[in-house]
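The primary structure of each chain is shown beneath.
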Amino acid sequence: MKATNRRWQNHLRAKGPIPFFLDRLQSHVFSTGWQFGNGSFHFPIIDRERDDELTKAYFEMTERFPYEFHIELTNHCNLNCKMCARPSMTRTKGFMTNEMFKRIIDEITEKMPYAYIHYYGIGEPLVDKRLFEKLEYARSKNIVNSVLFTNGQLLDVKDNLERLANSGVAVLGVDLDGFTEEVYSRIRVGGKFSLAKSGIEKLYAYIRANHLRTRVEIAYQVYPGINEQDIPPFIEWCEQYDYEYKLVNMHTWGGLRDDIPASDLNGLEDMHHKTRTGPCPALWNCFFIAWDGRVALCFADADLREVMGDVNSESIEDIWTGKHLGKRRKHLDGIYDGLCAGCSSQSAIKVPAMLHPEKNTS
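Residues numbered from 1 in each chain as written. Predicted model: local features only at pLDDT ≥ 70, side-chain atom pairs only at ≥ 80, totals over all residues. Heavy atoms only, no water.

> Teacher, can you tell me more about the overall build of the protein chain here?
Within the protein chain, the regular secondary structure consists of twelve helices and eleven strands. Across the 362 residues of the protein chain, 54% fall into the buried class. Counting contacts in the protein chain only where the partners sit at least 6 residues apart, residues at least 24 apart contribute 70% of the total. Accessible surface, the protein chain as shown: approximately 16,500 Å² in total, 51% of it carbon and sulfur. (Helix = DSSP H or I, 4+ residues; strand = E, 2+ residues; numbered from the N terminus. Buried < 20%, exposed > 50% of the residue type's maximum accessible area, 1.4 Å probe, protein only. Contact = heavy atoms within 4.5 Å. Areas by Shrake-Rupley, 256 points an atom, 1.4 Å probe, with all protein chains shown as cover.)

This is the structure we're talking about:
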């Protein structure tokens, strides 16, 4: 392995995903090709050789153990959202036990202490009565790169808001998929726009008043034909109060919800509904552990149609280097079988020639 690759891997381990991402930006030339639209940057890759080097570093670092995790604390929810996988989900509902959560966190901190952890799956984390016990344990184990998403309906209940802000979670995400009660309720069925909006405002106010480093990110999922008209006032509100936000395309949960239409933000190509051109990065950057310990193929596999293993009887490392590795190698060889064969939610990455088995002669 080149010294440069080792340098990037150490940088990623030491500082987390955001600084690593910013360093990757240095391999992209800010030319007339870049733009800022709908809450995010888009720009071409000019220095392909350097980008390949950084991609290779990521692949090498994650060869034996994953870097990014989705830990589903529960698949129970207080809403029935229009674009969710839950209406088509057949698996049992439940809550992850504290004992299982601790085993997972212990292995992660031992083998990848700066892993990036998502504390959510196909459910609402705040309905888990032991949520803050779990977050406190993760904090005691020095988990620093983490994100938790909520639909916002329970933010202002009891002391949830203050406890989340002080939980040690680096990023608190809140979904807000409309900017009127009528539009919001068509997406977030059973929810109230006023509760989510006021929860966000109070969360930001608390964090800023107490000078906390916790980030808040508001996600607006664009559902064609329903909530596009509310995007301008949503963006105006975010920019008026300096709130961080992003617009998100719909996807079909690996074909589980084929009734969900594709969305296309600002004329940009929708990465979740494109013709497959290469391996799907979800197999490298999404280790999804369901509440009962079973490991899904990826986050899109919401109903665990293709189980990779079970942390009740296997270690994360054994699952990652076992059946999961076999699936990743198939992608590198251009074989997309099982759930991947019919998935319309895939995105694609250009795998450097140095990584592809057929082209790697070393």
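Having seen the model, we can carry on.
> I keep staring at the pairing of strand β5 (residues 146-150) and nothing clicks. Help me out?
It is a general feature of regular strands that their side chains alternate between the two faces of the sheet. Among the five residues in β5, five count as buried, and that is most of the element. Going residue by residue along β5, you find Ser146, Leu148 and Thr150 tucked away on one face and Val147 and Phe149 tucked away on the opposite face as well. By the bridge criterion, two bridges tie strand β4 (residues 116-118) to β5 in an arrangement that is parallel. Within β5, the residue paired with isoleucine 117 across the bridge is serine 146. Once you follow β4 into helix α5 (residues 131-140) and on to β5, the crossover reads as right-handed. Across four bridges, the pairing between β5 and strand β6 (residues 171-175) is parallel. Bridge assignment links leucine 148 to a residue of β6, and that residue is leucine 172. Crossover handedness for the path β5 to helix α6 (residues 160-165) to β6: right-handed. (Pairing = 2+ DSSP bridges. Right-handed = clockwise from strand over helix to strand, strands pointing away.)

> In this structure, what is going on with the pattern of salt bridges? I would like to understand it.
Any two side chains of opposite charge can pair, on the condition that their charged atoms come close. Going through the model one piece at a time under the given rule, you end up with 18 salt bridges. Here aspartate 301 makes a salt bridge to arginine 305, at a shortest N to O gap of 3.6 Å. Residue arginine 305 is classed as partly exposed on the basis of its relative accessible area, which comes to 37%. A salt bridge links lysine 330 to aspartate 337; its shortest N-O distance comes to 2.6 Å. For lysine 330, a relative accessible area of 34% gives the class partly exposed. (Salt bridge = Lys/Arg side-chain N within 4 Å of Asp/Glu carboxyl O.)

> What exactly am I supposed to notice about the nonpolar core here?
In this structure, Phe69, Ile71, Tyr119, Leu176, Ile218 and Phe234 are the most contacted members of the largest nonpolar core, which totals 96 residues. The element best represented in this core is helix α8 (residues 193-209), accounting for six residues. Setting aside chain neighbours within four positions, we find leucine 176 in contact with Tyr184, Phe193, Ala196, Lys197, Ile200, Ile218, Ala219, Tyr220, Phe234 and Trp237. (Core = buried A, V, L, I, M, F, W, Y, C linked by side-chain atoms within 4.5 Å.)

> Explanation requested: the pairing of strand β7 (residues 215-221) in the structure shown.
Among the seven residues that make up β7, six are buried, leaving the element largely enclosed by the rest of the structure. Here β6 pairs with β7 via five bridges, running parallel. Its bridge partner being in β7, aspartate 175 is matched across the sheet by alanine 219.

> What am I meant to see in the packing of aromatic side chains here?
The relation between two aromatic rings is expressed through the spacing of the ring centres and the mutual angle of the planes. Summed over all chains, the structure comprises 17 aromatic pairs. Ring geometry for phenylalanine 234 versus tyrosine 245: centroids 5.8 Å apart, planes at 85 degrees, classification edge-to-face. Here phenylalanine 234 is found in helix α9 (residues 231-240), whereas its partner tyrosine 245 is found in strand β8 (residues 244-248), with eleven residues between them in sequence. In this structure phenylalanine 234 comes out as buried when scored by relative accessible area, which is 0%. Ring centres of tryptophan 237 and tyrosine 243 lie 5.0 Å apart, and the angle between their planes is 80 degrees; this geometry places the pair in the edge-to-face category. In this pair, the class of tryptophan 237 matches that of tyrosine 243, namely buried. Taken together through their ring pairs, the aromatic side chains of Phe179, Tyr184, Phe193, Tyr204, Tyr220, Phe234, Trp237, Tyr241, Tyr243 and Tyr245 make up a single cluster. Against the face of tryptophan 320 rests arginine 328, its NZ or CZ located 3.8 Å from the ring centre. (Phe/Tyr/Trp six-rings, centres within 6.5 Å; stacked < 30°, edge-to-face > 60°. Lys NZ or Arg CZ within 6 Å of the ring centre and 35° of its normal.)

> Would you explain helix α4 (residues 98-111) in this entry?
Residues spaced three or four apart along an α-helix point in a common direction, a consequence of the helix completing one turn every 3.6 residues. Taking 1.5 Å of rise per residue, the 14 residues of α4 would be expected to cover 20 Å, and the 20 Å separating its terminal C-alpha atoms lies within 8% of that figure. Every buried residue of α4 is listed here: Asn98, Met100, Phe101, Ile104, Ile105, Glu107, Ile108 and Thr109. Elements that come into contact with the buried residues of α4 comprise β3 (68-71), β4, α5, β9 (287-289) and α11 (316-320). (Expected span 1.5 Å × (residues − 1).)

> For this particular structure, what's the right way to read unusual backbone geometry?
Negative phi characterises most residues that are not glycine, and trans characterises most peptide bonds. The phi torsion at asparagine 142 lies on the positive side, around 65 degrees, for a residue other than glycine. Relative to the helices and strands, asparagine 142 is located in the loop between α5 and β5. Within the chain, leucine 304 stands out as a residue other than glycine whose phi angle is a positive 50 degrees. Locating leucine 304 in the fold gives a position in the loop between β10 (294-295) and β11 (309-310).

> Can you help me understand α8 in this one?
Along its 17 residues, α8 runs 24 Å from first to last C-alpha, staying within 8% of the 24 Å computed at 1.5 Å per residue. Restricting attention to buried positions, one finds in α8 the residues Phe193, Ala196, Gly199, Ile200, Leu203, Tyr204 and Ile207. With its buried residues spanning 140 degrees around the axis, α8 presents them on a single face. For α8, the secondary structure elements touched by its buried residues are α6, β6, α7 (181-187), β7, α9 and β8. Backbone geometry just downstream of α8 places histidine 211 in the positive-phi region, at approximately 55 degrees. (Arc of directions from axis to C-beta.)

> Would you mind going over the packing of α4 against α5 with me for this structure?
What describes two packed helices is the angle between their axes and the distance between those same axes. The N-to-C vectors of α4 and α5 enclose an angle of 20 degrees; their axes lie 10 Å apart at closest approach. In terms of axis orientation, α4 runs roughly parallel to α5. Along this stretch, α4 crosses α5, giving a crossing that reads as right-handed. Here Asn98, Phe101, Lys102, Ile105 and Asp106 of α4 lie close against α5, whose contacting residues are Glu133, Lys134, Tyr137 and Ala138. (Axes fitted to C-alpha atoms, helices over the stretch in contact; angles between N-to-C directions. Parallel < 35°, antiparallel > 145°, perpendicular 65-115°, else oblique. Left-handed = near helix turned anticlockwise from the far one by under 90°.)

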